[in-house]
Amino acid sequence: MKVSELKYERVSLESVTGEIEKNLAIIRSAGSAGEVLKAREKLLEIMEEFSTAKSIAHMRYTLNTADEFYLREMEYYDEAGPKFENYLYQYATAMLESPFRSELEKELSPVLFKYFEATSKAMSPEIIDDMVEENRLTTEYSKLMSGMTFDFRGESIPLSILRRYMKDDDRDTRKEAYEVLGNGLEKHSGELDSLFEKLVKVRDRMAKKMGYKNFIELAYYRLGRISFDEKMVEKFRNNVLKDIVPVVSRLKLENAKRMGIEDFKLYDNDVYLPGGDPKPILDRDEIFRAAQIMYRDMSRETGEFFDMMMETEAFDVDSRKNKWGGGYCTYFPKYRQPFILANFNGTSADIDVVTHEAGHAFASYMTRNNRFALELNVGGMETAETHSMSMEFFAEKYMDRFFGKDATRYKYMHVFDALSFIPYGTMVDYFQHIVYANPDMTPGERNETWKKLESEFRPYLSTEGIPYLSKGTRWQYQMHIYEHPFYYIDYCLAQVVAFEFLLESLEDYDGAFRKYVRFVSQGGEALFEDLIKEAGLVSPFEDGALKNLAAEVEKLLNDLRAQF
């Protein structure tokens with residue numbers, strides 16, 4: 001069945017409440033572990049139906065944020081979702097408090113019970129109204145950004161299309177695009193500041209109602225983090241500043257000189273090669289045909305996966321007005337069906353969609369029949385992003401199909417961009433730690449904080465002269481900051497592990513890929529640190545890991561540049 005043909009029908013909370021409460025009562029009063037397990041199965045069936053309906057509604061809303069029907073459906077789930085999460089909290093608590101817990105852990109999984117512990121700390125019935133408000137605000141932000149257009153050279157275009165010009169070969173064009181971006185955002189500055197102010201306040205209020213000092217601790221539990229904590233992130237952040245930032249800064253400035261740029265600006269940051277970044281030599285349909293050949297060649301599993309994605313038409317990649325401006329992979333559990341949304345714009349980012357997002361989809365496909373797929377998904381966010389970022393690197397072997405004679409130039413740009421991302425992603429995470437530790441900051445103070453962090457994590461870069469963005473507002477179009485707080489350091493941790501897969505693949509591609517398939521197939525059934533250890537890789541939290549990585553990646557970049 002094609003994704004467009006999937007039947008949507010609202011699964012109202014009211015229609016399943018009785019069955020949920022009945023099975024929760026059975027778990028609480030069960031006379032045996034067997035009774036608990038049967039009730040759990042009934043609850044999982046309800047969870048599958050509800051989450052599938054919610055995911056389909058969200059997908060169709062993002063295809064057209066002006067669609068009134070699906071906007072109303074999202075408004076419904078924004079309100080019902082927190083109430084449903086309260087039932088998940090009750091389920092987790094009941095499993096933890098069961099007198100048969102030790103028997104259940106043996107029958108199920110200790111990892112699952114770690115997840116239950118995080119879930120029990122992430123929710124409380126007293127914050128349901130606040131969660132509804134938070135959902136409403138994030139939907140409002142999503143709608144604002146999706147509907148925002150920018151006047152560029154006589155056309156009114158969405159941000160997804162403007163990004164094409166932000167990476168243009170011509171420096172003046174890039175500068176103009178960033179100026180247009182700044183001017184466009186400034187028109188909505190009041191709304192952007194107000195929405196974020198309200199989000200910070202409601203999140204802080206939830207945390208304090210639950211007895212936490214601030215939102216940070218609650219956020220970690222909400223993300224289901226059972227493999228690392230705030231102190232480990234702080235250690236990683238310090239190592240990024242010490243071991244990655246100096247290398248990236250030096251490489252960036254050396255590279256800028258090769259491109260004839262002496263005054264490095266924000267609008268130069270995403271261009272890596274004299275004459276401009278390589279662009280795909282294929283059109284939209286050709287990209288998908290080439291990707292299908294690539295995945296069939298990689299392995300039996302990836303070939304079967306991508307054939308399924310093509311048969312079910314599980315992609316929407318055309319940019320258009322009112323379409324959600326980012327990219328994502330989602331999953332419809334009832335149908336065992338992944339789906340990818342993106343906004344092709346004719347740049348190398350189009351190829352990243354059929355590698356990065358397809359890496360997410362491949363993980364969903366490989367874990368679709370895992371025992372705890374519904375509860376543990378494909379793993380924590382850091383594990384999920386390792387799936388996608390590693391797939392980007394395994395695909396580099398095939399880049400001649402997409403870029404022709406510029407394949408090596410693409411690999412250079414891709415590796416360089418990935419290394420450069422680690423300081424940026426760490427900065428985004430640190431910004432949020434500062435903001436939520438100080439929830440009474442003014443909009444101006446937040447902007448000043450961003451500017452200060454830019455000078456520490458990206459000291460080679462300047463926003464001087466760029467309207468609005470020079471005030472320290474770049475963070476306002478980083479959607480994760482509004483919509484998915486603290487879901488960004490996961491990208492950085494995953495990038496480190498993905499680099500390790502890349503470096504190993506250069507020595508033994510098939511061996512590295514088999515390790516990767518094993519890593520992906522376990523999903524959330526093993527902890528992130530255990531997956532890394534089993535694959536014979538080094539944890540990003542380990543002392544010296546980032547210093548060694550920076551040295552090896554710099555050598556790889558020099559080797560690639562010597563080839564063109």
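Residues numbered from 1 in each chain as written. Predicted model: local features only at pLDDT ≥ 70, side-chain atom pairs only at ≥ 80, totals over all residues. Heavy atoms only, no water.

So, about helix 9 (residues 189-209). Between its first and last C-alpha, helix 9 extends 30 Å over 21 residues, near the 30 Å set by a 1.5 Å rise per residue. Phi for glycine 211, located one or two positions after helix 9, is positive at around 90 degrees. (Helix = DSSP H or I, 4+ residues; strand = E, 2+ residues; numbered from the N terminus. Expected span 1.5 Å × (residues − 1).)

A few words now on the sheet that holds strand 5 (residues 337-344). Taken in spatial order, the 3 strands of this open sheet run 3-5-4, and their pairing is mixed. A single partner strand is all that each edge strand has here, and the edge strands are strand 3 (315-318) and strand 4 (328-332). Each strand axis lies, on average, 15 degrees off the axis of its neighbour in the sheet, ignoring direction. Bridging between strand 3 and strand 5 involves 3 bridges; their strand directions are parallel. Opposite phenylalanine 315, over in strand 5, you have isoleucine 340 as the bridge partner. Packed onto the sheet, helix 2 (residues 33-63) meets strand 3, strand 4 and strand 5 and runs at close to 145 degrees relative to strand 4. (Pairing = 2+ DSSP bridges. Axes fitted to C-alpha atoms, helices over the stretch in contact; angles between N-to-C directions. Contact = heavy atoms within 4.5 Å.)

The subject of this paragraph is the environment of glycine 536. Within the secondary structure layout, glycine 536 lies in the loop between helix 23 (528-534) and helix 24 (545-561). On the accessibility criterion, glycine 536 (54% relative accessible area) is exposed. Distance in space between the C-alpha atoms of glycine 536 and lysine 515 is 8.8 Å, their sequence separation being 21 residues. (Buried < 20%, exposed > 50% of the residue type's maximum accessible area, 1.4 Å probe, protein only.)

Residue arginine 336 is not a glycine yet carries a positive backbone phi of 50 degrees. Looking at the element boundaries, arginine 336 is found in the loop between strand 4 and strand 5. For phenylalanine 486, which is not a glycine, the phi torsion comes out positive at approximately 75 degrees. Here phenylalanine 486 is to be found in the loop between helix 20 (479-483) and helix 21 (489-507).

Time to look at the pattern of salt bridges. Tallying each qualifying case throughout the model produces 48 salt bridges. We note a salt bridge from glutamate 105 to arginine 101, for which the minimum N-O separation is 2.9 Å. Of the two residues, glutamate 105 and arginine 101 are both situated in helix 4 (residues 101-107); the distance of 4 residues between them amounts to about one turn of the helix. Taking the relative accessible area as the measure of exposure, glutamate 105 reaches 22% and is therefore partly exposed. On the accessibility criterion, arginine 101 (24% relative accessible area) is partly exposed. (Salt bridge = Lys/Arg side-chain N within 4 Å of Asp/Glu carboxyl O.)

The subject of this paragraph is the packing of aromatic side chains. Aromatic ring pairs are reported here in terms of the distance separating the ring centres and the angle at which the planes meet. In total, this model carries 57 aromatic pairs according to the counting rule given. The ring of phenylalanine 564 carries arginine 409 above its face, with NZ or CZ at 5.8 Å from the centroid. (Phe/Tyr/Trp six-rings, centres within 6.5 Å; stacked < 30°, edge-to-face > 60°. Lys NZ or Arg CZ within 6 Å of the ring centre and 35° of its normal.)

We now examine the side chain of glutamine 337. Mapped onto the fold, glutamine 337 is located in strand 5. Polar side-chain contacts of glutamine 337 include one of 3.2 Å to the side chain of threonine 312. Those residues in contact with glutamine 337, other than ones at most four positions away along the chain, are Val3, Met308, Met309, Thr312, Ala314, Thr330, Tyr331 and Phe332. (Polar contact = N/O pair within 3.5 Å; in protein donor to acceptor, adjacent residues only side chain to side chain.)

With that out of the way, let us pick up helix 7 (residues 159-166). Of all 8 residues in helix 7, 6 are buried, a share of seventy percent or more. Taken residue by residue, helix 7 has Leu159, Ser160, Ile161, Leu162, Tyr165 and Met166 as its buried positions. On the buried face of helix 7, the contacting elements are helix 6 (128-147), strand 1 (149-152), strand 2 (155-158), helix 8 (171-187) and strand 5.

What follows concerns the nonpolar core. Counting residues in hydrophobic clusters, the biggest one holds 212 residues, and the most contacted among them are Leu162, Leu181, Phe236, Met298 and Phe499. Per element, the largest residue contribution to this core is 16 residues, and it comes from helix 18 (residues 407-437). In contact with phenylalanine 499, other than residues within four places in its own chain, are Phe393, Val415, Ala418, Leu419, Ile422, Leu549 and Val553. (Core = buried A, V, L, I, M, F, W, Y, C linked by side-chain atoms within 4.5 Å.)

Right, let's get into the packing of helix 9 against helix 10 (residues 215-222). Between helix 9 and helix 10, whose axes approach to 8 Å, the crossing angle comes to 85 degrees. Classed by the angle they form, the pair helix 9 and helix 10 counts as roughly perpendicular. Within the contact between the two elements, helix 9 uses Arg203, Asp204, Met206 and Ala207 and helix 10 uses Phe215, Leu218 and Arg222. Tallied by class, residues from the contact of helix 9 with helix 10 come to 4 nonpolar, no polar and 3 charged. (Parallel < 35°, antiparallel > 145°, perpendicular 65-115°, else oblique. Nonpolar A, V, L, I, M, F, W, Y, C, P; charged D, E, K, R; others polar.)

Residue position: serine 32 is located in the loop between helix 1 (13-29) and helix 2. The spacing of serine 32 and glutamate 230 is 198 residues in sequence and 38 Å in space, taken between C-alpha atoms. Within the local environment of serine 32, its side chain forms a polar contact with the backbone nitrogen of glutamate 35, the two atoms lying 3.2 Å apart.

The subject of this paragraph is the pairing of strand 4. Most of strand 4 is tucked away, with 4 of its 5 residues classed as buried. Where strand 4 lies against strand 5, 5 bridges are found, and the strand directions are antiparallel. Within the sheet, the bridge partner assigned to tyrosine 328 lies in strand 5 and is leucine 341. Linking two consecutive strands that pair antiparallel, namely strand 4 and strand 5, is a turn of 4 residues; a positive phi of about 50 degrees is found at arginine 336 within it.

A surface patch of like charges, here negative, comprises Glu217, Asp229, Glu230 and Glu234. Looking at the element boundaries, glutamate 217 is found in helix 10. Among the residues examined, glutamate 217 registers a relative accessible area of 37% and is labelled partly exposed. (Patch = residues over 30% accessible without salt bridge, like charges linked within 9 Å, V, L, I, M, F, W, Y side chains within 5 Å. Areas by Shrake-Rupley, 256 points an atom, 1.4 Å probe, with all protein chains shown as cover. Lys, Arg positive; Asp, Glu negative; His and termini not counted. Charge placed at Lys NZ, Arg CZ, Asp CG, Glu CD.)

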